[in-house]
Amino acid sequence: MYREIKFGRKIPLFDMSNSEGGFISGNDTLPRRNVSLEGLFLVNGAVCVMERDRERFLHYHPGGTDYDRGGMIFRLPLPPGAYVISVVCEGEGIKAAVSISGMDPERILQGGHWDAAGVVPVRNRARWKGNTWTFSYVNGGAWIDISLEPMQPDIVVGIREIRIWERGKSQGQGMEDVELGEGQKRRRVFILGDSTAKSYVFEEAPMSGWGQLFYRMVDSAMAEVVNYSNGGRSLRVMYQEGRLNDLLLTGRQGDFVLLQSGHNDERARNDGKDPDGENARFGRGSTEEMYGNILKTCFLPAIQAVGMIPVLVTPVTRINAGCGNDTVFVNSFRNRDFPAVMRRIAAETNTLLLDLNKKSVEYFNQVGACGARAMVMALEPGETPGKTNGGSYANGNPGNHADGTHYKECLSRQYCRMAVEELVRTADEGNGTAKALCGLLKKEVLQAAGKGDFSEVFPEVCRDTIFGEGAYYRNQIEKMVELGIFRKDGEGNFRPEALCSRNAFREGIGKIWRLPEEFTRVEGDGNLSKADAAVILYDAYAARFGLEEEKKPPYMTNYNGPNVDPSDPDFDCNLPSGETMYYPLTPFGQVADLDGLSQEVYQKVEAVYRLGLLRCEGTGRGALDNGVLFGPKRLVTRGMAAKYLYFCFVLCQEVKKENHLIVDIG
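These numbers were taken from a predicted model, which means no experiment stands behind them. (Residues numbered from 1 in each chain as written. Predicted model: local features only at pLDDT ≥ 70, side-chain atom pairs only at ≥ 80, totals over all residues. Heavy atoms only, no water.)

Undergrad: Tell me about the overall build of the chain, residues and numbers included.
TA: In terms of regular secondary structure, the chain is built from 15 helices and 23 strands. The C-alpha atoms of the chain give 28 Å as radius of gyration, which agrees with the globular expectation for 666 residues (26 Å, within 12%). Its C-alpha atoms give the chain principal-axis dimensions of about 95 × 60 × 45 Å. Relative to its full complement of 666 residues, the chain shows a buried share of 58%. (Helix = DSSP H or I, 4+ residues; strand = E, 2+ residues; numbered from the N terminus. Rg over C-alpha atoms; globule rule 2.2 N^0.38 Å. Buried < 20%, exposed > 50% of the residue type's maximum accessible area, 1.4 Å probe, protein only.)

Undergrad: Explain the packing of aromatic side chains to me, using residue names and the numbers behind them.
TA: Counted under the stated rule, the structure contains 26 aromatic pairs. Arranged with centres 5.8 Å apart and planes meeting at 55 degrees, the rings of Tyr67 and Phe282 form a pair that is tilted. Taken together, the positions of Tyr67 in the loop between helix 1 (55-58) and strand 5 (72-77) and Phe282 in the loop between strand 17 (256-260) and helix 5 (288-305) put the pair 215 residues apart, joining distant regions of the chain. A relative accessible area of 5% places Phe282 in the buried class. Here the aromatic residues Phe588, Tyr602, Tyr609 and Phe630 are joined through ring pairs into a cluster of three or more. Between the NZ or CZ atom of Lys198 and the centre of the ring of Tyr200, over which it lies, the distance is 4.3 Å. The lysine or arginine in question, Arg544, covers the ring of Phe545, its NZ or CZ lying 4.7 Å from the ring centre. (Phe/Tyr/Trp six-rings, centres within 6.5 Å; stacked < 30°, edge-to-face > 60°. Lys NZ or Arg CZ within 6 Å of the ring centre and 35° of its normal.)

Undergrad: Can you tell me about the packing of helix 7 (residues 356-375) against helix 8 (residues 409-428), naming the residues and giving the values?
TA: Taken N-terminus to C-terminus, the directions of helix 7 and helix 8 make an angle of 155 degrees; their axes are 11 Å apart at the nearest point. Viewed along their axes, helix 7 and helix 8 adopt a mutual orientation that is roughly antiparallel. Handedness of the helix 7/helix 8 crossing: right-handed. Contact with helix 7, carried on its side by Leu356, Lys359, Ser360, Tyr363, Phe364 and Met375, involves Cys410, Leu411, Gln414, Tyr415, Arg417, Met418, Ala419, Glu421 and Glu422 of helix 8 and no other residues of that element. Counted by class, the contact of helix 7 with helix 8 contains 9 nonpolar, 2 polar and 4 charged residues. (Axes fitted to C-alpha atoms, helices over the stretch in contact; angles between N-to-C directions. Parallel < 35°, antiparallel > 145°, perpendicular 65-115°, else oblique. Left-handed = near helix turned anticlockwise from the far one by under 90°. Contact = heavy atoms within 4.5 Å. Nonpolar A, V, L, I, M, F, W, Y, C, P; charged D, E, K, R; others polar.)

Undergrad: I'd like a rundown of the packing of helix 12 (residues 502-512) against helix 13 (residues 530-544), residues and numbers included.
TA: Between helix 12 and helix 13, the shortest axis-to-axis distance is 10 Å and the interhelical angle comes to 25 degrees. Relative to helix 13, helix 12 is oriented roughly parallel. Note on packing geometry: the crossing formed by helix 12 with helix 13 is right-handed. Across the interface between the two elements, Arg502, Phe505, Arg506 and Ile509 from helix 12 touch Asp532, Ala533, Ile536, Leu537 and Ala540 from helix 13. Classifying every residue of the contact of helix 12 with helix 13 by side-chain character gives 6 nonpolar, no polar and 3 charged.

Undergrad: Run through the sheet that holds strand 23 (residues 403-408), naming residues and quoting values.
TA: Taking strand neighbours across the sheet as the criterion, the 3 strands line up as 15-23-20 in an open arrangement whose pairing is antiparallel. Either end of the sheet is taken by a strand with one partner, and the two such strands are strand 15 (207-208) and strand 20 (376-377). In this sheet, strand 23 lies alongside strand 20 in antiparallel orientation, the contact comprising 2 bridges. The partner of Met377 across the bridge, within strand 23, is Asp403. (Pairing = 2+ DSSP bridges.)

Undergrad: So what's going on with the sheet that holds strand 7 (residues 96-100)? Residues and values would help.
TA: Spatially, 4 strands are ordered 2-5-10-7 in an open sheet, and the strand pairing comes out antiparallel. Only two strands of the sheet have a single partner each, and these edge strands are strand 2 (22-24) and strand 7. Going across the sheet, the axis of each strand differs from the next one's by a mean of 30 degrees, ignoring polarity. With 3 bridges connecting them, strand 2 and strand 5 associate as antiparallel partners. Across the sheet, Ile24 pairs through a bridge with Ile73, a residue of strand 5.

Undergrad: So what's going on with unusual backbone geometry? Residues and values would help.
TA: A cis amide bond, omega 0 degrees, links Leu30 with the succeeding residue Pro31. In the segment running from Ala205 into Pro206, the intervening peptide bond is cis, with an omega of 10 degrees. Of note, Pro206 is situated in the loop between strand 14 (187-192) and strand 15. Despite not being glycine, Asp154 shows a phi value in the positive range, around 65 degrees.

Undergrad: Explain helix 6 (residues 338-349) to me, and be specific about the residues and the numbers.
TA: Compared with an ideal rise of 1.5 Å per residue, which puts 12 residues at 16 Å, helix 6 spans 16 Å between its outermost C-alpha atoms and is within 8% of the ideal. Among all positions of helix 6, only Phe338, Pro339, Val341, Met342, Ile345 and Ala346 are buried. Viewed along the axis of helix 6, the buried residues span an arc of 155 degrees, placing them on a single side of the element. One or two steps after helix 6, the chain reaches Asn350, where phi turns positive at roughly 55 degrees. (Expected span 1.5 Å × (residues − 1). Arc of directions from axis to C-beta.)

Undergrad: Describe the pairing of strand 14, with residues and values.
TA: Counting buried positions along strand 14 gives 5 out of 6 residues, so the element sits mostly inside the fold. Across 5 bridges, strand 14 lies against strand 16 (residues 223-227) in parallel orientation. Bridge pairing in strand 16 links Phe190 to Val226.

Undergrad: Could you give an account of the pairing of strand 5, naming the residues involved and the relevant values?
TA: With 5 of 6 residues buried, strand 5 lies mostly within the body of the structure. Inspection of the sheet shows strand 5 paired to strand 10 (residues 143-150) by 6 bridges, in the antiparallel sense. From the neighbouring strand, Phe74 faces strand 10, where its bridge partner is Ile146.

Undergrad: An account of helix 13 is requested, with residue identities and associated values reported.
TA: Think of an α-helix as turning once every 3.6 residues; residues three or four places apart then point the same way. The end-to-end C-alpha separation of helix 13 is 20 Å, in line with the 21 Å expected for 15 residues at 1.5 Å each. Of the residues making up helix 13, those classed as buried are Lys530, Ala531, Ala533, Ala534, Val535, Ile536, Leu537, Ala540 and Tyr541. Lining the buried residues of helix 13 we find helix 12, helix 14 (599-611) and helix 15 (638-651).

Undergrad: So what's going on with the state of the cysteines? Which residues, and what values?
TA: Applying the stated criterion to the full structure yields 0 disulfides. Free of any disulfide, Cys438 has its nearest neighbouring cysteine sulfur in Cys416, separated by 14 Å. Cys648 supplies the cysteine sulfur nearest to Cys500, a cysteine that is in no disulfide, at a spacing of 13 Å. (Disulfide = S-S within 2.5 Å.)

Pasting the structure below:
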């Protein structure tokens, strides 16, 4: 199919009876954007406009969410499918912004990657060549709206010609197909969601999303998982920035799309104070009506238009990271119940639904408050050298804000389990989509769901670190077990309160930092004190990195934000603008309990403390509370040793590598 639209001597207005299309006074986006038809005029066969209202342009800035530069909108009836759209513009140079059906004209021009690790490239973006703009677009509705806006006032811009042709039936681009057998190809499971589903990198550790671990559920010979999720995304943003469109142009007929959204959709206008609210043109927020409308009229039809199979996944609940031990957890979506809207749309459209919202509430109540707090991003000093936009996590939570929305890898495993359980349940009820998706799962995963026992799928999960105080360092413990640093006993318990030996700790850091075997060959053993741990870490650090300043891991450098040693007279624990840094916030001279150490041990404790490898004890989670007691004589438990070793594990990883990967530590 090929269509070519020229205007000649007439400005056509849209009429449902006219298949050639025409100009309209406003589009169907939410919120609606209105334009003036009275200002349109013809110049040598091009339909043009010139905006003289300078007020329109005063509040515009690149990347803004709430602006309107006027211009024109042309509506063209077009059946669902994938198309290449080319717009020949009038005017010198690129003085206009062009977009399709409410998309962000700036974002769809940008390349790069959709994810933090740079493994999911932007494959389809809008391009200018001279005065011609071209973009590939998946249409799920009955028409498309082509929008053109001037970039500045008092200039003439317009549309001279529109060309549209259908993209090839084979939509896959750039991803290798793996042959399964005669005529068969490996399918893909795409995940499209927000920060609770995204794939995180080591600089963000221990934060994790369920989408980044779902590959462990899938038989890699049958399918691959591609995670398009990223933080800050709502349904509106996923569409407007071209993320959904790129996914659909990358996938093939028969691929699955697991769609989850809700947390960022909650952004409200707040009486005009939030420029990212539901009334902003490119804002994140939605009302319940808008959210349901976007699902039903945009996402689901577009996915189905290219023959892909949608699966709706309700957003997991948030918790109060500082909740009391008697807390009863409930669905956190109280003001705008997007999970309920998604359930309704799934029922109305006969779309498979995986209810992770309900399952997450049930699981938090099952493990209790101690278990729940341990799995979310409420951190104490020394848990991780990673960072967030607000600074380093090394000293606790930047901004003194415990995060009950985002979570650690130990909870990602459980959300993957819940998703599989939902799949198996609905497949048993006869849902064809669930049956087809279950056919891509590993046999052992299906068996685990049948038995209600995932201990063989996730052997790193320990029986005694799920509930109560034993869960405190659950995430670190599971990673150390996964890496083979520590082992469970015959009953599947870790025994986090048992004391750690010096040799076990030395062997652990030797494996993590790939130190020579002779490093672990030390005669004598015994219980590990914190001073012992400091001595071992000093020797290990010197062997692994060296003591030269230029050899420090990136987390210790200004890469992680401005860093000043606490002993520096210009030290400020909140540099700059509230961002917290990597190094301990308590100067070493204020640490109050180091008397009685030998000179050699004291010097190594000081060096390790100044490097930030070990910090003061007795501090809580969720705040920048560094304390003044190091606890050199304190005997180290296996749980505490897992904390220290996890910190060192992250410290030596590439900052932009996905943090869920099982790293070969030899």
